[in-house]
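# Per-entry structural report
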Amino acid sequence: HVQLVESGGGLVQAVGSLRLSCAASGRTSSIYDMGWWRQSPGKEPEFVAAISWSGGSTDYADSVKGRFTISRDNAKNTVYLQMSSLKPDDTAVYYCAVRWKATASYNSWGQGTQVTVSS
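Quick notes on the rules
Residues numbered from 1 in each chain as written. Predicted model: local features only at pLDDT ≥ 70, side-chain atom pairs only at ≥ 80, totals over all residues. Heavy atoms only, no water. Pairing = 2+ DSSP bridges. Helix = DSSP H or I, 4+ residues; strand = E, 2+ residues; numbered from the N terminus. Axes fitted to C-alpha atoms, helices over the stretch in contact; angles between N-to-C directions. Disulfide = S-S within 2.5 Å. Buried < 20%, exposed > 50% of the residue type's maximum accessible area, 1.4 Å probe, protein only. 1 Å grid on protein atoms, 1.4 Å probe; cavity = no way out; pocket = protein on both sides within 12 Å on 5 of 7 lines; lining within 4 Å. Points joined across faces, edges and corners; volume = space filled by probe spheres on them. Contact = heavy atoms within 4.5 Å. pLDDT = per-residue confidence, 0-100. Phe/Tyr/Trp six-rings, centres within 6.5 Å; stacked < 30°, edge-to-face > 60°. Lys NZ or Arg CZ within 6 Å of the ring centre and 35° of its normal.

Once that is clear, we can look at the sheet that holds strand β9 (residues 92-99). Taken together, the six strands give an open sheet; going across it, the order is β2-β10-β9-β4-β5-β6, and neighbouring strands pair in mixed fashion. On the outer flanks of this sheet lie β2 (10-13) and β6 (58-60), each paired with one strand and no other. Across the sheet, the axes of successive neighbouring strands diverge by a mean angle of 25°, strand direction being ignored. Looking at chain direction, β9 and strand β10 (residues 113-118) are connected through three bridges and run antiparallel. From the neighbouring strand, Val 93 faces β10, where its bridge partner is Gln 114.

Here is the structure:
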C-alpha cells in the first residue's frame, strides 16, 4: 500500500508555468511507475505522463508533449510534473497514481490538485 499527496496546483495565466509534486510514502519500493492523470468537469480522466520508478523512462500524452516534463527524485520519493506553455484546455484536477507492474492499472490515487489556466 502507498499513500500519495499532490501539491503545486493553482491559478495561472495562459503560457505560464506550474510545477506539480506528488510525494509517495509507504511501500514505495514496489512501485513500477507513477503517472499523472487529469480530469475536467464532464470529461473522462485523461492520461498525462508517466515515469518508471527505477529506470526513469517516460511517456507523455500527445497533448502535452514538448510542454510538460515529468521527473522524479527517488531519495525524496517524489515525482514532479513541470508544466509550461499552459493553455486553458489544461485546466483540470491533476492526480498522481502508481502501477505495481506494466500490465496493471493505475491505482492508489492521490487527492488531486486543481490547475486553472486563465486565457
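A separate point is the state of the cysteines. Tallied over the full model, the rule gives one disulfide. Residue pairing for Cys 22: its cysteine sulfur links by disulfide to Cys 96, the two sulfurs lying 2.0 Å apart. Disulfide Cys 22-Cys 96: torsion about the S-S bond near 65°, hence right-handed. Placement of Cys 22 in strand β3 (residues 18-26) and of Cys 96 in strand β9 is noted, with a sequence separation of 74 residues between them. You'll find Cys 22 and Cys 96 in the same group, each marked buried.

Spatially, the four strands line up as an open sheet ordered β1-β3-β8-β7, and their pairing is antiparallel. Unpaired on one side and paired on the other, β1 (2-7) and β7 (68-73) mark the two borders of the sheet. Put simply, the sheet's adjacent strands are angled 15° from each other on average, direction ignored. When β3 meets strand β8 (residues 78-83), the two strands line up antiparallel, connected through six bridges. Across the sheet, the residue bridging to Leu 18 is Met 83, located in β8.

Of the pockets and cavities examined, the largest pocket occupies roughly 170 Å³. Arg 38, Lys 43, Glu 46, Asp 89 and Asp 90 are, among the 13 residues lining the largest pocket, the residues nearest its centre.

Within the secondary structure, Gln 82 sits in strand β8. Filtering out sequence-adjacent residues up to four positions away, Gln 82 remains in contact with Ser 17, Leu 18, Arg 19, Arg 67, Phe 68 and Thr 69.

Moving on to the confidence of the model for the protein. Scored by pLDDT, the protein has a mean of 95; 100% of the residues are at 70 or more. Of all secondary-structure elements in the protein, the lowest mean pLDDT belongs to β1, at 95, while β10 reaches the highest, 98.

Moving on: the packing of aromatic side chains. In the structure shown here, the tally under the stated rule is four aromatic pairs. For the pair Trp 37 and Phe 47, a centre-to-centre distance of 5.6 Å together with 75° between the ring planes defines the contact as edge-to-face. Highlighted residues: Trp 37 in strand β4 (residues 33-39) and Phe 47 in strand β5 (residues 46-52), separated in sequence by ten residues. A relative accessible area of 19% means that Trp 37 is categorised as buried. A centroid spacing of 5.8 Å and a plane angle of 75° characterise the contact between Trp 37 and Trp 109, whose relative ring orientation is edge-to-face. Taken together, the residues Trp 37 in strand β4 and Trp 109 in the loop between β9 and β10 connect sequence positions 72 residues apart. The lysine or arginine in question, Arg 27, covers the ring of Trp 100, its NZ or CZ lying 4.6 Å from the ring centre.

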